[in-house]
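Next come the chains, spelled out residue by residue.
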Amino acid sequence: MIRNIIPETFALKQNYPNPFNPTTRIDYQLPFDSKVTLELYGITGERVATILNGELSAGYYTADVNASALNLASGVYIYRMNASNPSGQNFVQVKKLMLTK
């Protein structure tokens, strides 16, 4: 019997591989149905891409980032996940990634 396992906590994992060229994966988990945004920022704080912006069900997810498609230059970037659910819980976490060409 296959069981649908739902995580107990919010989490944003470190991207893999890191450093990367041209693609990387970002794993994250949601314990509740949530409104999720996953954004990519340059080291100066300028938003360079929105990777995800939408409603997701509780569960485990992976976002693929393609630097070529986003026209990104080599360097250090910050990715930020913000998740909130109807009961008022809010989760924000930030991690760093590096693109090498």
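Structural data are supplied above this passage.
So, here is what we can say about the structure in this document.

About the criteria used
Residues numbered from 1 in each chain as written. Predicted model: local features only at pLDDT ≥ 70, side-chain atom pairs only at ≥ 80, totals over all residues. Heavy atoms only, no water. Pairing = 2+ DSSP bridges. Helix = DSSP H or I, 4+ residues; strand = E, 2+ residues; numbered from the N terminus. Axes fitted to C-alpha atoms, helices over the stretch in contact; angles between N-to-C directions. Buried < 20%, exposed > 50% of the residue type's maximum accessible area, 1.4 Å probe, protein only. Polar contact = N/O pair within 3.5 Å; in protein donor to acceptor, adjacent residues only side chain to side chain. Contact = heavy atoms within 4.5 Å.

On to the sheet that holds strand S6 (residues 75–84), then. The strand order across the open sheet formed by four strands is S4-S3-S6-S7, and the pairing between neighbours is antiparallel. The two strands at the open ends of the sheet, each matched to only one other strand, are strand S4 (47–56) and strand S7 (90–99). Going across the sheet, the axis of each strand differs from the next one's by a mean of 15 degrees, ignoring polarity. Where S6 lies against S7, ten bridges are found, and the strand directions are antiparallel. The residue bridging Arg80 from the neighbouring strand is Val94, located in S7.

Now for the pairing of strand S2 (residues 23–30). Bridge analysis of strand S1 (residues 11–12) against S2 gives two bridges, and the strand direction is antiparallel. In the strand pairing of S2, Ala11 is matched with Gln29. For S2 and strand S5 (residues 59–66), the ladder comprises eight bridges, and the chain directions are antiparallel. In the strand pairing of S5, Thr24 is matched with Val65.

With an omega of -10 degrees, the peptide bond running from Tyr16 to Pro17 counts as cis. Inspection of the secondary structure puts Pro17 in the loop between S1 and S2. A cis geometry characterises the amide bond from Asn21 onward to Pro22, with omega recorded as -5 degrees. Within the secondary structure, Pro22 is located in the loop between S1 and S2. Even without being glycine, Asn71 reaches a positive phi, approximately 60 degrees. Among the secondary structure elements, Asn71 is positioned in the loop between helix H1 (67–70) and S6. What makes Asn71 exposed here is its relative accessible area of 70%.

So, about the side chain of Gln29. Looking at where Gln29 falls in the secondary structure, it is placed in strand S2. Engagement of the side chain of Gln29 in a polar contact is seen with the backbone oxygen of Thr9, the distance being 3.0 Å. Aside from chain neighbours lying at most four places away, what touches Gln29 is Pro7, Thr9, Phe10, Ala11, Lys13, Gly59, Tyr60 and Met81.

Function-wise, these values are silent; they only describe arrangement.
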